[in-house]
Amino acid sequence: MAGGNEWSMKALKEVWKRPENSLCADCGKPDPDWASSTLGVFICLSCSGIHRNIPSISKVKSLKMDYWDDAQVQFLAKHGNAVTKAIYEAHIPIYYYQPTYNDCQVLREQWIRAKYERKEFTEPGKQLPYSDGVKEGILWKRGRDNGQFLPRKFLLSEREGCLKYFTKQDAKEPKINVKIDVINATFQPEKIGNSNGLQITYLKDNKTRNIFVYHESGKEVVDWFNAIRSVQFHYLKVAFPIASDNEIKNRLTRNFLKEGYMEKTGPKQREAFKKRWFTLDHRRLMYFKDPLDTFAKGEVFVGSGENGYSVQKGLPSGTQGNFSWHFGITIVTPDREYLFTCETETDQLDWIRAFTSVINQAMTPQEYASKCLDAVSFPS
């Protein structure tokens, strides 16, 4: 701790050690070592950078390296994470996505700005841009065939329970009309190549389709994300009237468990292994030739251990297909084995952990039904 009299340094340490200040107030990262001298919250280094970009609201200082005077320490002591959260997070809608330190920059920044700059959650019943049950606007959508991002009109409607997009502003009929209960939305800044990139995924004829969009404004794209969650929440409240709010919240948009490149071979296990992009969306393992493909080239259902599914490190002895990566994985199902190779041991272990987490979970009745409907498997 860089400075201050003996009393202030001791008092600062005591406030810092309070249990409510042991996690970053904004993203939940353990052991925050920065704080806002104007808001009274303890935050991590990453969130402190976001606070620094809104100097009219927050002044940040290092708890280890900066000087804290008596008045600033007393302010921290009176506030801290618990007191400040009670003010700025008093009325967060149940469906609003509260990001963690694992989430992308735009989600974390807009969460921080929503709390402290726009004060969206300080009053009950406040009208919010994602709570109207309808949202209309322009998003830049990637073309399925040419890969170009072009402006398209999107319309989200709670009353109709769907998301539509139109190829022209004055078009009367939508290009696509998707029911809200089959939609998932995830932020994909690296894959899309834009910090505000959003992937909208939905099921069509029990097959997964992807739409990739972005908006120049981080606030606007996060508002779209939370508007989708809002409409989904109210739809599910009607569909499942006895479910609790938290049960419904857990069924809203979800992040993919794992994505990345692996090599795969065909069902005969003698074909050459080919590099493909894989996405594990709970029990759906999909592969794509390119990360931005609209449709998966193949999907396989990953069931539970009690139903005959398992994951094994390595490939079966005598595997004949040629492969350039040497860290193998075998997925065993009641019907066949699926063989993959990873570039590094770290990738291999990460994928095995992801598969294991799915296989260790018991299957729900809905997942049994999904498996029965799922006729798609990995082609050669």
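Residues numbered from 1 in each chain as written. Predicted model: local features only at pLDDT ≥ 70, side-chain atom pairs only at ≥ 80, totals over all residues. Heavy atoms only, no water.

Caption draft 1: Summary view of the UniProt feature "domain: PH" (unreviewed entry) in the chain. In the numbering adopted here, UniProt assigns the feature "domain: PH" (unreviewed entry) to residues 132-233 and 255-360. The span residues 132-233 is 20% helix and 46% strand, and its two end C-alpha atoms sit 13 Å from each other. Span residues 255-360 is 14% helix and 38% strand, its end C-alpha atoms 19 Å apart. (UniProt positions renumbered as here; feature names shortened; annotations may be inferred. Helix = DSSP H or I, 4+ residues; strand = E, 2+ residues; numbered from the N terminus.)

Caption draft 2: Region of the structure containing the domain arrangement of the chain. Split by domain assignment, the chain resolves into domain 1 (1-117), domain 2 (134-250) and domain 3 (258-377). Just the C-alpha atoms count here: the centres of domain 2 and domain 3 sit 27 Å apart. Of the residues lining the interface, 12 residues belong to domain 2; the matching set on domain 3 comes to 16 residues. Summing both partners gives a buried area of about 1300 Å² for domain 2 against domain 3, and 49% of it is carried by carbon and sulfur. Ranking the residues of domain 2 by area buried against domain 3 places Lys-191, Asn-206 and Thr-208 at the top, with a combined share of 44%. Taken together, the connections running from domain 2 to domain 3 amount to 6 residue pairs in polar contact (both at pLDDT 80 or more). The dominant element in the side of domain 2 that touches domain 3, judged by the number of residues it contributes, is strand β10 (residues 207-214), at 5 residues. (Domains from an automatic or database assignment. Contact = heavy atoms within 4.5 Å. Buried area = accessible area lost by both parts, 1.4 Å probe. Polar contact = N/O pair within 3.5 Å; in protein donor to acceptor, adjacent residues only side chain to side chain.)

Caption draft 3: Spatial organisation of the sheet that holds strand β11 (residues 258-264). Within the open sheet, the 7 strands sit side by side as β14-β13-β12-β11-β17-β16-β15. Their pairing is antiparallel. Each edge of the open sheet carries a strand with a single partner, namely β14 (298-301) and β15 (310-313). Across this sheet, the average inter-strand angle for adjacent strands is 35 degrees, counted without regard to direction. Bridge analysis of strand β13 (residues 284-288) against β14 gives 4 bridges, and the strand direction is antiparallel. Residue pairing across strands places Met-286 opposite Glu-299, the latter belonging to β14. Helix α9 (residues 345-359) rests against β11, β12 (274-281), β13, β15, β16 (327-332) and β17 (337-342) of the sheet, and its axis sits at about 160 degrees to β15. (Pairing = 2+ DSSP bridges. Axes fitted to C-alpha atoms, helices over the stretch in contact; angles between N-to-C directions.)

Caption draft 4: How the structure looks around the UniProt feature "domain: Arf-GAP" (unreviewed entry) in the chain. Within this structure's numbering, the places UniProt gives as "domain: Arf-GAP" (unreviewed entry) are residues 9-129. From the first C-alpha to the last, residues 9-129 spans 43 Å; its make-up is 39% helix and 7% strand.

Caption draft 5: Layout of the sheet that holds strand β6 (residues 162-166). Strands sit in the order β7-β6-β5-β4-β10-β9-β8 across an open sheet of 7 strands; the sheet is antiparallel. Two strands in the sheet have a free side with no partner beyond their single neighbour: β7 (176-179) and β8 (183-187). Pairs of neighbouring strands in the sheet enclose a mean axial angle of 35 degrees, with direction left out of account. Relative to β10, strand β4 (residues 134-142) runs antiparallel, the two sharing 2 bridges. Bridged to Lys-141 within β10 is Val-213.

Caption draft 6: Highlighting the pairing of β7. Along β7, the buried face is formed by Ile-176 and Val-178; none of Asn-177 and Lys-179, which line the opposite face, is buried. In terms of strand pairing, β6 meets β7 through 4 bridges, oriented antiparallel. What sits directly across from Tyr-165, in β7, is Ile-176. (Buried < 20%, exposed > 50% of the residue type's maximum accessible area, 1.4 Å probe, protein only.)

Caption draft 7: Structural detail: the environment of Phe-75. Tracing the chain through its elements places Phe-75 in helix α3 (residues 70-78). It is 8.1 Å that separates the C-alpha atoms of Phe-75 and Thr-38, two residues lying 37 residues apart in sequence. Each residue touching Phe-75, except ones within four places of it in the same chain, is listed here: Ser-37, Thr-38, Leu-39 and Gly-40.

Caption draft 8: Structural view of empty space enclosed by the protein. Inspection of the entire model under this criterion finds 3 cavities of 30 Å³ or more. Looking at the largest cavity, its volume works out to about 50 Å³. Lining the largest cavity, in full, are Lys-141, Arg-142, Gly-143, Arg-144, Arg-209, Asn-210, Ile-211, Phe-212, Leu-292 and Thr-294. Of all the secondary structure elements, the ones that give two or more residues to the lining of the largest cavity are β4 and β10. It is β10 that contributes the most residues to the lining of the largest cavity, 4 residues altogether. Classifying every residue of the lining of the largest cavity by side-chain character gives 3 nonpolar, 3 polar and 4 charged. (1 Å grid on protein atoms, 1.4 Å probe; cavity = no way out; pocket = protein on both sides within 12 Å on 5 of 7 lines; lining within 4 Å. Points joined across faces, edges and corners; volume = space filled by probe spheres on them. Nonpolar A, V, L, I, M, F, W, Y, C, P; charged D, E, K, R; others polar.)

Caption draft 9: Local environment of α3. Every buried residue belonging to α3 is among Gln-72, Val-73 and Leu-76, and all of these are buried. Along the axis of α3, the buried residues cluster in a sector spanning 100 degrees; they form a single face. Every exposed residue of α3 that faces more than 90 degrees away from the buried side is listed here: Ala-71 and Lys-78. Measuring from the side-chain oxygen of the N-cap residue of α3 to the backbone nitrogen of Ala-71 gives 3.2 Å; that N-cap residue is Asp-69. (Arc of directions from axis to C-beta.)

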